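# Topology and contacts: notes
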Amino acid sequence: MKDLKKSIAPKNSCVIAQLFSKDGSSPANLQVGKGGLPPLERQRRDRFDSTFKQLRQFHPVAPLALERGQAHLPNLQITAPALEFSHRLGSDRLATQSKWFHQHNQSLDAVSEPPHLNRRLSLTLALLLICASFTLISCKREQRQFEPPPPNPNPVITMSELRPGAQPEPPIKNPAEDTAYSLSEGKRLYTSYNCSGCHFNGGGGIGPALMDEKWIYGSEPGNVYATIVEGRPNGMPSFRHKISDYQVWEIAGYVRSMSGQLGKNVSPGRSDDMNAHKSEQTSEKKIPQASGVPKSAEQP
Amino acid sequence: MPGGNHTQKFCGITLLVAATLLSGCGGLQSAVNPAGPQSNHISKLWWVMFYVSTAVFVVVIIFLFLALANGRKRNALAGPGHYAPPELKPLPEGERKKRNLVLGATVLTVVVLFVFLMESFFVGRGLTSDLSSKQGVSIEVTGHQWWWEVRYMNVDASSIFSTANEIHIPVGVPATLTLKASDVIHSFWVPNLHGKKDLIPGKLSTIWLQADRAGVYRGQCAEYCGHQHAHMALWVIAEPAEQFNTWLQTQIQSAVPPANESQKRGQQVFLSSSCVMCHTINGTRAGSNIGPNLTHVAGRHTIAAATLENTRDHLSQWVTDSQQVKPGNRMPPNLLSPEDLQALLDYLQSLK
């Protein structure tokens, strides 16, 4: 210890760092005055701090360079005695101060440039790009057709499943049965136009049930359309000219979905209120059966 | 001259921004142009928050620039192309100063937030207090996708009537609004008179509001409610008591019977087409409550929830193809022959 004190803390002043201008000439010296660097055994917090303060004013990176034992910086040279002093000092104070740099595995070269900026930047950008592409993908949704197609002037409507001849006509396709949106619209209209006033929520009351397997006037889309447009004996009114053509198809689609005739992928949304039966998504398909003339329609 | 060009551009942008900001002042739909006791409370709260927040913002920016300047000074010392690391060995006196500064700022923030909290609390009390003591007009407002049903309540059942998208109130008399929703959550917001209040399906909420000066105030649905949420507006018309009573007496009446052949035919068209499935005209067989009540539709200033001015052209456009105006709305397109359409428009325009 005494050797060290002699060697690095001379009685006279000591140059501990040299600052070079850009062209490398005319170095400016940082000198520590009388007494030089503080003796090791007498290192007191304030003395030590004042030295470092001096160093920092001289050059902002100088204290750090001293701690890390690096003598060469772009325009700074730490002198040998100062370096040795710093090295020998090796106290826990220095250790804790430079711990942060050890933890981050950074050398002074790395300090000169922001750490891994480019890699981090590109990683962040890639992450953002992935997020954006996921968002864009999820933006794609079922297109809604708000402008209804013009009504078919001569719809082929059959009043019953029974028909003469051997060749049955191909069933009419209901355009509204393709999307869940139009079936949900049908569900809304079913209540709005007071279908539920007689058929209730499909269980029937004043009118026949719609959620069972019995179909008095046929289960094809065209049959249901005809029932709504033409009306049926004993109570079912005609809604000709009262309900727009596309809305009739939507209601007809919903009526068929009540007994599970349509796939679950196009089922309308669940009801907001409590429902007497299972939701349309979960109701199982009922095999349609012609049930003939209902009792109420029989001739007396 | 590039310099002049720049200056011109800068002036233009400044003007544009100023115009945009100023267009919010003194508007028909503006919370800083209060016309009633509640909106007065709210705008006072807004100005207090505005001035305090502006001061906080300015102080924060000043400190930010000080910190930036400090960092630049250090970087300049580190030499070109290098950046100075944070000080690893902070000086104790500097640390103490910084700690006191942060502590002071924290305390100040808590105090400011507490003042805001108390102010907000008292404004909230002012808005909702003594609701039961308000004896004035009683109105029931129901939010539908995408229009407002307005029902004037009365102890005399024959004086109850329903209109749409237009609320008339007498000046200086409190109006109690009962808010309901038929499908999804909406929010009733007439900023000149009151703050926002949600309309929740299955729940009744009540507010009261009062207009201290006659005028027309715009309201808007303030809770996203579906495709045409943006086109779900309403007008509040505050008028002197005698004018309001005249309006009230008119509204209570049934619809005017058709006066000429064209209007008679129009009524027949209305009753025999899809109109009758959704709309009510008091005094006729039409009595469905799905769409707006049309008993006095010609007396309203706008149609389609304050989207279109109530003119013959707009009415015709709306009846024939409303999906062009408000895509996704509940009104189906109607294919009517030109004669039927003109007769229907004659009839609708006679319903004063």
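Preceding this section is the structure that the text describes.
Residues numbered from 1 in each chain as written. Chains lettered and ligands numbered in written order. Predicted model: local features only at pLDDT ≥ 70, side-chain atom pairs only at ≥ 80, totals over all residues. Heavy atoms only, no water.

## Focus on the overall build of chain B
So the rule is basically this: In this text, helices come from DSSP runs of H or I with a minimum length of four residues, and strands from runs of E with a minimum of two, each type numbered from the N-terminal end. For this analysis, residues touch if any pair of their heavy atoms sits within 4.5 Å. A 1.4 Å probe and the Shrake-Rupley method give the accessible areas. Residues count as covered only by the protein chains that appear here.
Helix and strand counts for chain B come out as 7 helices and 12 strands. Put simply, 62% of the contacts in chain B that link residues at least 6 apart link residues at least 24 apart. Within the structure as shown, chain B displays about 18800 Å² of accessible surface, and the carbon and sulfur contribution to it stands at 64%.

## Observations concerning helix α3 (residues 92–128) of chain B
We count it as follows: Each helix should span, by expectation, one fewer than its residue count multiplied by 1.5 Å. Exposure is judged per residue with a 1.4 Å probe applied to protein chains only, and the accessible area is read against the type maximum: over 50% gives exposed, under 20% gives buried, and values in between give partly exposed.
Along its 37 residues, α3 of chain B runs 54 Å from first to last C-alpha, staying within 8% of the 54 Å computed at 1.5 Å per residue. Buried within α3 of chain B we find F116, V123 and L127 of chain B.

## Structural notes on the environment of Q317 of chain B
Residues and elements named next belong to chain B. Locating Q317 in the fold gives a position in helix α6 (residues 312–325). When the C-alpha positions of Q317 and P333 are compared, they lie 9.7 Å apart, and in sequence the two are 16 residues distant. Leave out the neighbours within four places in its chain, and Q317 touches S322 and V325.

## Thoughts on the pattern of salt bridges
Heads up, the rule is: We define a salt bridge as a contact between a side-chain nitrogen of Lys or Arg and a carboxyl oxygen of Asp or Glu at a distance within 4 Å.
According to the stated counting rule, one finds 8 salt bridges over all chains in the structure shown. A salt bridge links R188 of chain A to E185 of chain A, with the nearest nitrogen and oxygen atoms 3.0 Å apart. Of the two residues, R188 of chain A and E185 of chain A both sit in helix α8 (residues 180–192), 3 residues apart, roughly one turn of that helix. With relative accessibility at 12%, the residue E185 of chain A sits in the buried group. D340 of chain B is the salt-bridge partner of R265 of chain B, the closest N and O atoms lying 2.5 Å from each other. Of the two residues, R265 of chain B is situated in helix α5 (residues 261–272) and D340 of chain B in helix α7 (residues 338–350); the sequence distance between them amounts to 75 residues. Residues joined in a network through salt bridges with shared partners are E185 and R188 of chain A together with R330 of chain B.

## Details of the sheet that holds strand β2 (residues 147–152) of chain B
Strands in a sheet are paired, the pairing made by backbone hydrogen bonds, and the direction either parallel or antiparallel. Residues and elements named next belong to chain B. The line we're drawing: Pairing between two strands is assigned when DSSP locates at least 2 bridges connecting them. To obtain an axis, a line is fitted to C-alpha atoms, over the contacting stretch when the element is a helix, and the angle between two such axes runs from 0 to 180 degrees between their N-to-C directions.
Ordered in space as β3-β2-β1-β5-β8, the 5 strands form an open sheet in which the pairing is mixed. Only two strands of the sheet have a single neighbouring strand rather than two, namely β3 (161–164) and β8 (205–209). Recorded for the sheet is a direction-independent mean angle of 25° between the axes of neighbouring strands. In this fold helix α4 (residues 241–252) packs onto β1 (137–144), β2 and β3, with an angle of close to 105° to the strand it touches most, β3.

## Notes on the nonpolar core
Residue and element names in this part refer to chain B. As a reminder, the rule being used: Put simply, a nonpolar core is a bunch of buried Ala, Val, Leu, Ile, Met, Phe, Trp, Tyr and Cys residues held in one set by side-chain atoms that sit within 4.5 Å of each other.
Counting 32 residues, the largest nonpolar core has I139, Y152, I167, I169, F188 and L193 as its most contacted members. Contributions of two or more residues to this core are made by β1, β2, β4 (166–170), β5 (175–181), β8, β9 (215–221), β10 (233–239) and α4. Of all the elements, β5 adds the most residues to this core, at 4 residues. If sequence neighbours within four positions are ignored, I169 has contacts with I139, A175, L193, L209, A211, V236, I237, A238, E239 and F244. The next biggest cluster of nonpolar side chains, apart from the first, holds 24 residues, and it includes V269, F270, M331 and Y347.

## Considering the side chain of Q263 of chain B
Residues and elements named next belong to chain B. Under the convention used in this document: We call two N or O atoms a polar contact when they sit within 3.5 Å, provided that within protein one can donate a hydrogen and the other can accept it, with sequence-adjacent residues counted only if both atoms are side-chain atoms.
As for its placement among the helices and strands, Q263 is situated in helix α5. The class for Q263 is buried, based on a relative accessible area of 13%. A distance of 2.9 Å separates the side chain of Q263 from the backbone nitrogen of A259, its partner in a polar contact.

## Overview of unusual backbone geometry
All names here are of chain B. Residue Q145 is joined to W146 through a cis peptide bond whose omega torsion reads 0°. Mapped onto the secondary structure, W146 falls in the loop between β1 and β2. The phi angle at A304 is positive, at roughly 60°, despite the residue not being glycine. Within the secondary structure, A304 sits in the loop between β11 (302–303) and β12 (308–309). Among the residues examined, A304 registers a relative accessible area of 13% and is labelled buried. One non-glycine residue, A306, adopts positive backbone phi at about 60°. Note that A306 resides in the loop between β11 and β12.

## Concerning the environment of V319 of chain B
All names here are of chain B. Inspection of the secondary structure puts V319 in helix α6. Given a relative accessible area of 7%, V319 falls into the buried group. On a C-alpha basis, the gap between V319 and C275 in space is 9.1 Å, while along the polypeptide they are 44 residues apart. Excluding residues within four positions of it along the chain, V319 makes contact with M331, P332, P333, N334, L336, L341, L344 and L348.

## Remarks on the pairing of β9 of chain B
In the case of a regular strand, side chains alternate between the two sheet surfaces. All names here are of chain B. Counting buried residues along β9, 5 of its 7 residues qualify, which places the element largely inside the surrounding structure. Both strand β6 (residues 186–189) and β9 contribute to a ladder of 2 bridges, which runs antiparallel. Paired with F188 across the two strands is C221, which belongs to β9.

Scope: geometric values only; no functional claims are made or implied.
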